[in-house]
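Now for the letters of each chain:
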Amino acid sequence: MDVAWIPGDADAVVVAVVAVVALAGAGWAIARRSGRGAPPPAVIESHTIVETPVSAAPADIVDHPEATSGRFSRLRGRLGATLAGVLHRGAMSASDYDALEEALLLADVGASATDAILAGVKSRLGANFDLEPTQALREALLEAIDPAADRSLALGQAGQGQAKSVIVVGVNGVGKTTTVGKLARVLVADGYSVMLGAADTFRAAAADQLETWGARVGVPVERSERDGADPASVAFAAAERAVGDSADVLLIDTAGRLQNKQGLMDELGKIVRVVGKVSPRAEVLLVLDATTGQNGLAQARVFAEATDVTGIVLTKLDGSAKGGIVVAVQRELGVPVKFVGLGEGADDLAPFEPVAFVDSLLGTA
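Below: a short report on this structure.

1. Focus: the overall build of the chain
No. 1: Secondary structure summary: the chain contains twelve helices and eight strands in total.
No. 2: Buried positions account for 48% of the 365 residues belonging to the chain.
No. 3: By sequence separation, contacts in the chain at least 24 residues apart represent 75% of the contacts at least 6 residues apart.
No. 4: As presented, the chain carries roughly 16300 Å² of accessible surface, and 53% of it is formed by carbon and sulfur atoms.

In structure tokens form, the structure reads like this:
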């Protein structure tokens, strides 16, 4: 720096001051990159941008998510007992079967699944005259939902640092980014170290929202600072970072649409391929809004054709949702429902429990 213009011996003082300022600026930049000195994270609802990596958040402001075991039992009371009171004790008449068929269809079970369940009820009652109709329906529903299906995530044990990837797909509006944030809480509660990848680069504030979720549980997020950045590039960078940091799990949020609404499925396929080159793929989870009922199945078919979907997450299963969609979507895609959202709370995402679910539908829980 040229200080010839400064009179007398003041030039040395100026140089010293400038050097201190420069060092402070450099220290701030380094702290920003490393996560040291990060400001307290914003609350989820504000969607405020969290500009620093969140893994170094002070321990006294990091949430401790609720244990996942028992979540469904706590939340299942929010499910509507959509089939409660349909059947009565004693023999079933033709009108009883008609009423049951109507109730199943209104519960969004779907036509083919309804036929299979009705056939199951009839065969059970025909084989055992002492069996109550409600018990026969319970057994037929459980058979349709398949309690033996593997609903766990293929992540292995926590602490192995294998950076296994879970790619979350679905259209905009189903609660996909929120689901990624809640799933991060589930995994943290189960002892996994998690990295988040904000590959939904076409929706304003999606990355900010994801960072805020991550901040609450001390989970770092890989993102682009530019809206509209290439989603696959962000996903690839997240995979490299997850491997470099020896994270157990990489959760990737993806776009539900592109700006020109063309090539979305091609883009999702590209994300799956590039991430697989770095991080072993464990799951592709499709998020569906349970309140859309049978209309959501059209979405499910398209995504299942474009990506190798391994599991379903049903959001908004409380309230106005019709629980029979669980049966319909499993039958349609041939993959299990693995998680359900039963409320707006941060820990209201629960592993799906078939027996408890059927009992809730029948009002016997």
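2. Notes on the environment of Pro65
No. 1: In this fold, Pro65 is placed in the loop between α1 (10–34) and α2 (71–75).
No. 2: Residues Pro65 and Arg216, spaced 151 residues apart in sequence, show a C-alpha to C-alpha distance of 9.3 Å.
No. 3: Among all residues touching Pro65, those that are not within four sequence positions of it are Arg71, Arg185, Val188, Ala189, Val217 and Asp347.

3. A few points about the packing of aromatic side chains
No. 1: Applying the stated criterion across every chain, the model contains one aromatic pair.
No. 2: The lysine or arginine in question, Lys122, covers the ring of Tyr97, its NZ or CZ lying 5.0 Å from the ring centre.

4. Some remarks on the pattern of salt bridges
No. 1: One pass over the structure, following the stated rule, counts 19 salt bridges.
No. 2: Note that Arg124 is salt-bridged to Glu139, the shortest N-O span being 3.1 Å. Linking Arg124 in helix α4 (residues 111–127) with Glu139 in helix α5 (residues 133–145), this pair joins segments that are 15 residues apart in sequence.
No. 3: Lys176 is paired through a salt bridge with Asp253; the nearest N and O atoms lie 3.8 Å apart.

5. Observations regarding the nonpolar core
No. 1: Counting residues in each nonpolar core, the largest one holds 69 residues, and the members touching the most others are Val121, Leu137, Val275, Leu286, Ile312 and Leu314.
No. 2: Those residues within four positions of Val275 in sequence are excluded, and the remaining contacts are Ser165, Ile167, Ala235, Ala239, Leu250 and Ile252.
No. 3: Ranked by size, the runner-up nonpolar core spans 27 residues in total, among them Val168, Leu196, Leu210 and Leu285.

6. With respect to unusual backbone geometry
Both trends apply: most residues other than glycine have a negative phi, and most peptide bonds are in trans.
No. 1: For Asp146, which is not glycine, the phi dihedral falls at a positive 65°.
No. 2: Overall, Asp146 belongs to the partly exposed group, its relative accessible area being 36%.
No. 3: Unlike most non-glycine residues, Ala163 shows phi in positive territory, near 55°.
No. 4: With respect to the helices and strands, Ala163 occurs in the loop between α5 and β1 (164–169).
No. 5: Relative accessible area serves as the criterion here: at 1%, Ala163 is assigned to the buried category.

7. Observations concerning the sheet that holds strand β4 (residues 249–254)
No. 1: Here eight strands make up an open sheet; going across it, the order is β3-β2-β4-β1-β5-β6-β7-β8 and the pairing mixed. Two strands close off the open sheet at either side, each with one partner strand: β3 (221–222) and β8 (349–351).
No. 2: Note that strand β6 (residues 311–315) and strand β7 (residues 337–341) share three bridges and pair parallel. What sits directly across from Val313, in β7, is Phe339.
No. 3: Helix-sheet contacts for helix α8 (residues 231–244) involve β2 (194–199), β3 and β4, and the interaxial angle to β2 is about 165°.
No. 4: Against the sheet, helix α10 (residues 295–306) engages β1 and β5 (281–289), with an angle of about 155° to β5.

8. What about the packing of helix α6 (residues 176–189) against helix α7 (residues 206–217)?
No. 1: In contact at an axis separation of 9 Å, α6 and α7 are set at 20° when each is read in the N-to-C sense. The angle between the axes of α6 and α7 places the two elements in the roughly parallel class. Judged by the twist between their axes, the crossing of α6 over α7 is right-handed. Taking contact as the criterion, the partners of Thr177, Thr178, Val180, Gly181, Lys182, Arg185 and Val188 in α6 are, on α7, Ala206, Gln209, Leu210, Trp213, Arg216 and Val217.
No. 2: Each residue belonging to the contact of α6 with α7 can be placed in one class, and the counts come to six nonpolar, four polar and three charged.

9. Some thoughts on the environment of Gly324
No. 1: Inspection of the secondary structure puts Gly324 in the loop between β6 and α11 (325–333).
No. 2: Residues Gly324 and Ala113, spaced 211 residues apart in sequence, show a C-alpha to C-alpha distance of 9.4 Å.
No. 3: Leave out the neighbours within four places in its chain, and Gly324 touches Ala107, Asp108 and Val109.

Calculation rules
- Residues numbered from 1 in each chain as written.
- Predicted model: local features only at pLDDT ≥ 70, side-chain atom pairs only at ≥ 80, totals over all residues.
- Heavy atoms only, no water.
- Helix = DSSP H or I, 4+ residues; strand = E, 2+ residues; numbered from the N terminus.
- Buried < 20%, exposed > 50% of the residue type's maximum accessible area, 1.4 Å probe, protein only.
- Contact = heavy atoms within 4.5 Å.
- Areas by Shrake-Rupley, 256 points an atom, 1.4 Å probe, with all protein chains shown as cover.
- Phe/Tyr/Trp six-rings, centres within 6.5 Å; stacked < 30°, edge-to-face > 60°.
- Lys NZ or Arg CZ within 6 Å of the ring centre and 35° of its normal.
- Salt bridge = Lys/Arg side-chain N within 4 Å of Asp/Glu carboxyl O.
- Core = buried A, V, L, I, M, F, W, Y, C linked by side-chain atoms within 4.5 Å.
- Pairing = 2+ DSSP bridges.
- Axes fitted to C-alpha atoms, helices over the stretch in contact; angles between N-to-C directions.
- Parallel < 35°, antiparallel > 145°, perpendicular 65-115°, else oblique.
- Left-handed = near helix turned anticlockwise from the far one by under 90°.
- Nonpolar A, V, L, I, M, F, W, Y, C, P; charged D, E, K, R; others polar.

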